[in-house]
Amino acid sequence: MKVVVEQVDSIDDPRLADYAHQTDVALKKSRGSEHGLYLAESLLVMQRALAAGHRPRSVLALGGSVDDAVAALEAKPGGADVDGPGDVVVPVFSGPGDLLEQLTGYVLHRGLIASMHRPALPTVEALLADARRVVIIENVADPTNVGAIFRSVAAIGADAVLVTDRCSDPFYRRAIRVSMGTVLQVPWGRVGAWPATKELLAASGFHVAALALRDDSVTLRAFAARAPERVALVLGAEGDGLTPEALDAADTIVRIPMAHGIDSLNVAATAAVAMYALAD
């Protein structure tokens, strides 16, 4: 991989199309990419993307961040996968701060944004093969919550995350930003309808524990005291909670006891509490 620094002086420069007020959906459908693109904001997040083996298409940087971006790209911490096919040239675009603010729609406080190629997602079977603790996010539409869940469960030790088709895309910009790039570190994939997902989990020896307030539920502390070797924690959208299909697929319904008349936690807080209770 060859890194070149290129100056830009116009927001109409076609080389900056990836950064020109592009929506997450548009980036996912970008031409010239096999699986689409996502944006990694800040040096830290770009480094985590590179370490995960994700391939950069370009970087937009300011001032001293240009040198940081070049150093990170040339270090190639992700190994051969970062290089991609052939002799890839990765441009680092730099220009006046006010110009780049017009382009992106906000001040680049963190100095840089990288346009990264989305990797192919692993199969669910591959994710489950060596995992002990898996988190399933069902229909959580807010990318902020998705990112916060990833950050929590990554820190506490989830081996993989599975998301349903109606769940917000973990590669959306806000999810990546809130997660501090941990969505690029924790292996994740998408699952389909519950009957098939339940079969896959059962075939891999997973006990499905759904977090919900129900009369037949057991407390998290009681469940954790005798937790099975392999557990899949299922978290639902705030407000609606888990679907009937998810609850039917559960081997155990688990609740977190609460005080002061509070009936629920933010879904990211629930993920953190539940994962911590099940940690070794």
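Keep in mind that this is a model prediction, so the values were computed, not measured.

Caption draft 1: Spotlight on the side chain of threonine 164. Mapped onto the fold, threonine 164 is located in strand β7 (residues 160–164). Residue classification places threonine 164 among the buried positions, given a relative accessible area of 6%. A distance of 2.9 Å separates a polar atom in the side chain of threonine 164 from the backbone nitrogen of asparagine 139. In contact with threonine 164, other than residues within four places in its own chain, are Ile137, Glu138, Asn139, Arg190 and Val191.

Caption draft 2: Fine view of the pairing of strand β8 (residues 188–191). For β7 and β8, the ladder comprises four bridges, and the chain directions are parallel. Counted as the bridge partner of valine 163 is arginine 190 from β8. A crossover links β7 with its parallel partner β8, the connecting element being helix α8 (residues 173–179), and its sense is right-handed.

Caption draft 3: Here's a closer look at the environment of leucine 112. With respect to the helices and strands, the residue leucine 112 is situated in strand β5 (residues 112–117). Taking the C-alpha atoms as reference points, leucine 112 and isoleucine 256, separated by 144 residues in sequence, lie 40 Å from one another. For leucine 112, the residues in contact, after removing those within four places along its chain, are Ala40, Glu41, Ser42, Leu43, Met46, Val59, Leu60, Ala61, Ser65 and Ala69.

Caption draft 4: Geometry of helix α3 (residues 65–75). Listed as buried for α3 are Ser65, Val66, Ala69, Val70, Ala72 and Leu73. For α3, the arc enclosing every buried residue in end-on projection is 165°, short of the 170-degree limit, so these residues lie on one face. The exposed residues of α3 that point more than 90 degrees off its buried face are Asp67, Glu74 and Ala75. Where α3 is buried, its residues meet β1 (2–7), α2 (43–51), β3 (56–61), β4 (89–94) and β5.

What counts, and at which threshold
- Residues numbered from 1 in each chain as written.
- Predicted model: local features only at pLDDT ≥ 70, side-chain atom pairs only at ≥ 80, totals over all residues.
- Heavy atoms only, no water.
- Helix = DSSP H or I, 4+ residues; strand = E, 2+ residues; numbered from the N terminus.
- Buried < 20%, exposed > 50% of the residue type's maximum accessible area, 1.4 Å probe, protein only.
- Polar contact = N/O pair within 3.5 Å; in protein donor to acceptor, adjacent residues only side chain to side chain.
- Contact = heavy atoms within 4.5 Å.
- Pairing = 2+ DSSP bridges.
- Right-handed = clockwise from strand over helix to strand, strands pointing away.
- Arc of directions from axis to C-beta.

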